[in-house]
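Chain by chain, the residues:
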Amino acid sequence: MKLSIVKIGGNLIEKETALEQVLENFSKIEGPKILVHGGGKIATQMAEKLGIETKMVDGRRITDQETLDIITMVYGGLANKTIVAKLQAKNCNALGLSGADLNSIKSVKRPVKTHDFGFVGDITNVNTNMFSLLLNNTITPVCCAISHDGDGQLFNTNADTIASEIAIALANEFEAELYYCFEKKGVLRSIKDDDSVITDINTEIYQALIKENIIADGMLPKLHNCFHALEKNVHKVYIGSVDMLGNEKEIRTTITL
């Protein structure tokens, strides 16, 4: 049975019309499905309102206790419950989850190498039995970017990684397809040209694009997650706009090994 795992980024959550469109398309996907979301931009805006500085290193958020509190409020509360409520309005029976809920996603604190990222978790386990139970009872999990260690500690966790690890964990039971949705139509050859979509990327093309510096910054870890998922038996991986959901003819980037 096909399982669709869809990850949506902060830019889509932040804009009302974009969020409505992605949830409309997502709700129409047939069969079991899982939605994974971040919310970093909203968390940053909330921190500014509260006078809390957002600290970044190499494009990654340092999560101290104050930041973790905000992330928990925004990801697990405001963003998650808004999405769940909107999906219910579209007759999609959704259940909002952090990694702590139903012990869905466990992690450990990221080891300190060059930087201490604070309360940031690296995933160690996905509760496949729990996800299977929900999916087989036509409940759609909506997972925010928070995991836990099993000892009461929450962790900020990369949403792209959560999506790929859920897809990997369920790949033995389902024909898992992973969709990374963001505001562009796919991976672009030129960041200034929205129509310069690279429609197919395999391992060889990926290495060439890195050498040409076409793929850099935030797209690097995203593509790393894509290839990691494929290596672990995830059936298909796509990167593109919300229009690709439920529409196989829509232009997008297809990732293959």
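As a starting point, this report considers the structure included with it. (Residues numbered from 1 in each chain as written. Predicted model: local features only at pLDDT ≥ 70, side-chain atom pairs only at ≥ 80, totals over all residues. Heavy atoms only, no water.)

Considering the overall build of the protein chain
Counting its regular elements, the protein chain contains eight helices and 14 strands. Considering only C-alpha atoms, the protein chain reaches an extent of 45 × 45 × 35 Å along its principal axes. Within the protein chain, the fraction of its 257 residues that count as buried is 49%. Of the contacts formed within the protein chain by residues at least 6 apart in sequence, a portion of 70% connects residues at least 24 apart. When the accessible surface of the protein chain is totalled, it reaches about 12300 Å², and 49% of it is carbon and sulfur. Separation of charge centres in the protein chain, based on 27 positive and 33 negative side chains, amounts to 2 Å. (Helix = DSSP H or I, 4+ residues; strand = E, 2+ residues; numbered from the N terminus. Buried < 20%, exposed > 50% of the residue type's maximum accessible area, 1.4 Å probe, protein only. Contact = heavy atoms within 4.5 Å. Areas by Shrake-Rupley, 256 points an atom, 1.4 Å probe, with all protein chains shown as cover. Lys, Arg positive; Asp, Glu negative; His and termini not counted. Charge placed at Lys NZ, Arg CZ, Asp CG, Glu CD.)

Brief notes about the nonpolar core
Counting 75 residues, the largest nonpolar core has Ile8, Ile34 and Ile166 as the members making the most contacts within it. Top element by residues in this core is helix α4 (residues 65-89). It accounts for eight residues. Apart from residues lying up to four places away in sequence, Ile166 is in contact with Ile34, Val36, Ile105, Val126, Phe131 and Cys143. (Core = buried A, V, L, I, M, F, W, Y, C linked by side-chain atoms within 4.5 Å.)

Some words on the sheet that holds strand β5 (residues 94-97)
The strand order across the open sheet built from eight strands is β5-β8-β2-β1-β11-β13-β14-β12, with neighbouring strands paired in mixed fashion. Because the sheet does not close on itself, it has two edges, and the strands there are β5 and β12 (200-201). Two elements, strand β13 (residues 236-240) and strand β14 (residues 253-255), share three bridges in a ladder whose sense is antiparallel. Across the sheet, Val237 pairs through a bridge with Ile255, a residue of β14. (Pairing = 2+ DSSP bridges.)

Quick notes on the side chain of His148
On the secondary structure map, His148 appears in strand β9 (residues 146-148). Judged by its relative accessible area of 10%, His148 is buried. A polar side-chain atom of His148 sits 3.3 Å from the main-chain amide nitrogen of Gly150. His148 has contacts with Gly99, Ala100, Asn103, Ile105, Lys106, Ser107, Gln153, Leu154 and Phe155, leaving out every residue within four places of it along the chain. (Polar contact = N/O pair within 3.5 Å; in protein donor to acceptor, adjacent residues only side chain to side chain.)

Some points on the pattern of salt bridges
Oppositely charged side chains can form a pair if their charged atoms are brought close together. Overall, the coordinates contain 14 salt bridges when judged by the stated rule. With a closest N to O distance of 3.0 Å, Lys7 and Asp160 form a salt bridge. Here Lys7, found in strand β1 (residues 2-8), pairs with Asp160, found in helix α6 (residues 159-170); they are 153 residues apart in sequence, far enough to count as distant. You'll find Lys7 and Asp160 in the same group, each marked buried. Across the pair Lys90 and Glu20 runs a salt bridge, and its minimum N-O distance is 3.0 Å. With Lys90 in the loop between α4 and β5 and Glu20 in helix α2 (residues 16-27), the pair connects residues that are 70 residues apart, well separated along the chain. (Salt bridge = Lys/Arg side-chain N within 4 Å of Asp/Glu carboxyl O.)

Focus: helix α7 (residues 203-211)
At the N-terminal end of α7, a side-chain oxygen is found 3.2 Å from the backbone nitrogen of Glu204, two or three residues along, and the residue is Asn202. In the segment just after α7, Asn213 is the residue with positive phi, at about 65°.

A word on the packing of α7 against helix α8 (residues 219-231)
Between α7 and α8, the least distance of the axes is 12 Å, while the angle of their chain directions is 165°. Between α7 and α8, the crossing angle belongs to the class labelled roughly antiparallel. Where α7 crosses over α8, the handedness of that crossing is left-handed. Note on element contacts: α8 touches α7 through Leu220, Leu223, His224 and Phe227, opposite Thr203, Tyr206 and Ile210. (Axes fitted to C-alpha atoms, helices over the stretch in contact; angles between N-to-C directions. Parallel < 35°, antiparallel > 145°, perpendicular 65-115°, else oblique. Left-handed = near helix turned anticlockwise from the far one by under 90°.)

A few points about the layout of surface pockets
Looking at the second largest pocket, its volume works out to about 180 Å³. Residue lining of the second largest pocket: Asp58, Arg60, Arg110, Pro111, Lys113, Thr114, His115, Phe117 and Asp122, and that is the complete set. Classifying every residue of the lining of the second largest pocket by side-chain character gives two nonpolar, two polar and five charged. (1 Å grid on protein atoms, 1.4 Å probe; cavity = no way out; pocket = protein on both sides within 12 Å on 5 of 7 lines; lining within 4 Å. Points joined across faces, edges and corners; volume = space filled by probe spheres on them. Nonpolar A, V, L, I, M, F, W, Y, C, P; charged D, E, K, R; others polar.)

As for the environment of Thr161
Structurally, Thr161 is set in helix α6. When its relative accessible area of 23% is taken as the criterion, Thr161 is described as partly exposed. Sequence separation between Thr161 and Pro221 is 60 residues; the distance between their C-alpha atoms is 8.8 Å. If we skip the residues at most four places from it in the chain, Thr161 touches Ile123 and Asn225.

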